[in-house]
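Each chain, written out:
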Amino acid sequence: MEPIQGFPRRSSEHLGRGGDGEEEEDRISDLDDDMLLLILARLGCIRAAVRTGVLSRRWHGLWSILRHIVISDVPFPSLEAALGHVPRPPPGLSLLDLRVPDRPDAAGVTSLLRAAALLEPKELALTLPWRFFCNSPMLFLQLPADVKFPALETLSLSGCHVRFESFLPWCPLLRVLRLKFDDHAGNHEHMNTFMSVHSASLQELSVEAQEVYISAVDLVVPELKQLKVSLRAYEEVNIVSILAPMVENISWQWSYCSINYGLWRILKLRLQTGAKHGEFPSLQIHARITSSVVHDGMKNSTKEIEKHLITEFTVLEIHLKTKGHCFGAFVFHLLGMNPCFMRTQWLKVIIQRSAVKHECPQDCACDHPDWRSQIISLTALKEVEIYGFEGYDHEIDFLKLIFKCAPMLKQMIVVLSLAASSLDDRCTQIHKIFGAYSSVECYLYITRGEYVFVVQHGHNF
């Protein structure tokens, strides 16, 4: 192992005496500095590394040569002073990981960042207690103009809200940015903020915010390759603007509190590309029936979903908590709302049944308008999977309409719910529909995975 650049190799010592009065070799202290520093780095805590100085004079002060610093158990008032004992560059730190155990104040964190900048870390991780902003929900962590991180390549922040415009200009080499913040203190009803990231160097961006409502997203990241976002909005997001022409891997997830279509409430959207090799780009939509109150939000819900179509997808997954209501009108509204949906190649509909039996009242709003007469051009659709199917009339109508709108369909899979799998009349009805489309491979399964029959190109098995 090569010696660490900028620091001289130190000689070993022999400590202690054996039972015959001869010196005993201290084999650990006899290791070269590089190996000892590797041992100290593996301790994972700078305080533990400092305490190794009691072992021998050889170990005393060796921790100060570490370029991989983790401080996890030092009270916040002493944290800046602890950084003052770390030698200034060159060389700069490879990692500075600061885990604040107690509640700081905004001015103290700014001062701490100023001390951290003097060490020129390549990677900086700052973890603050979740209740850092509990009394001031709109406080944001800002970087003064005189604090610069010229060597910083990776920045991880947890437990704080950030004004990116005050950080990113002073981090010219930044490649990776990870941010995680929450508001467990219960101020989320007041926290409605925005996220704006402009960076010419950033290649990976990961943002996770729970219980904090995001009202706008503005990303200008021309070199970005990987984007991972998990955010929350109360109602409509004002704007989603993304300039990232080089992006390859996307995980774009949004949770909602109040986006409605008729009786339906949209709970979550997730757009995923390139997660694993061979996986196709997919869009997941989670929705549930809320109440008997009809919400006039069709136009708003359509526009809101369209804001998140930041890339193409071929797989559409729709997860529905129906409470016994008809879902055909809602699903066909989604399929026809945008050309991106009509280019879907694989459609999955997952019907989640509740333990309590619900019945849809006669002339319920969930069944209007008359969606059964809709003809939507789904010429790209090749495979359909429906889970939790029970064979009610409106579900049979939904199945027929899928066949009618998808002339290029190659495969249909229907998985019956446990309640419906034992009803022969419903199985027979589905079988007749399958038989009318001999060019489609059709499979009917009960919920335990045992398939009842298969109709494939007009042959029964």
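Residues numbered from 1 in each chain as written. Predicted model: local features only at pLDDT ≥ 70, side-chain atom pairs only at ≥ 80, totals over all residues. Heavy atoms only, no water.

Here we look at the packing of helix H3 (residues 76-84) against helix H4 (residues 106-117)
Filter applied, for reference: Fitted lines through C-alpha atoms give the axes, limited to the stretch in contact for helices. The angle between two N-to-C directions lies from 0 to 180 degrees. Secondary structure counts use DSSP, requiring at least four H or I residues in a row for a helix and at least two E residues in a row for a strand, with both numbered from the N terminus. Comment on the angle field: the value is read as roughly parallel under 35 degrees, roughly antiparallel over 145, roughly perpendicular from 65 to 115, and oblique elsewhere. Crossing handedness is read from the near helix: turned anticlockwise from the far helix by less than a right angle, it gives a left-handed crossing, and turned clockwise, a right-handed one. Contacts: residue pairs with any heavy atoms within 4.5 Å of one another. Residue polarity follows a fixed list, in which Ala, Val, Leu, Ile, Met, Phe, Trp, Tyr, Cys and Pro are nonpolar, Asp, Glu, Lys and Arg are charged, and the others, Gly among them, are polar.
Packing of H3 against H4 leaves a shortest axis separation of 9 Å and a crossing angle of 15°. Between H3 and H4, the interaxial angle falls into the category roughly parallel. Taken as a pair, H3 and H4 cross one another with a handedness that is left-handed. Note on element contacts: H4 touches H3 through Gly108, Val109, Ser111, Leu112, Ala115 and Ala116, opposite Phe76, Leu79, Glu80 and Leu83. Along the lines of polarity and charge, the residues of the contact of H3 with H4 split into seven nonpolar, two polar and one charged.

Looking at the confidence of the model for the protein chain
Applied cut-off: Per residue, pLDDT captures the predictor's confidence, and it can take any value from 0 to 100.
Of the residues in the protein chain, 75% have a pLDDT of 70 or more, and the chain-wide mean is 80. Contacts from residues 457-461, a stretch scored under 50 in pLDDT, to residues over four places away or in other chains number 12 contacts.

Here's the deal with the pattern of salt bridges
The condition that has to hold: Every case where a carboxyl oxygen of Asp or Glu lies within 4 Å of a side-chain nitrogen of Lys or Arg is listed as a salt bridge. Exposure is judged per residue with a 1.4 Å probe applied to protein chains only, and the accessible area is read against the type maximum: over 50% gives exposed, under 20% gives buried, and values in between give partly exposed.
If you walk through the whole model with that rule in mind, you get six salt bridges. In this structure, arginine 178 engages glutamate 204 in a salt bridge whose closest nitrogen and oxygen atoms are separated by 3.7 Å. Taken together, the positions of arginine 178 in strand E5 (residues 176-182) and glutamate 204 in strand E7 (residues 204-220) put the pair 26 residues apart, joining distant regions of the chain. Under the relative-accessibility criterion, arginine 178 is labelled partly exposed at 34%. Residue lysine 307 is joined to glutamate 304 by a salt bridge in which the shortest nitrogen-to-oxygen separation is 3.1 Å. Here lysine 307 and its partner glutamate 304 are both found in helix H6 (residues 298-307), three residues apart, which amounts to about one turn of the helix. The class for glutamate 304 is buried, based on a relative accessible area of 2%.

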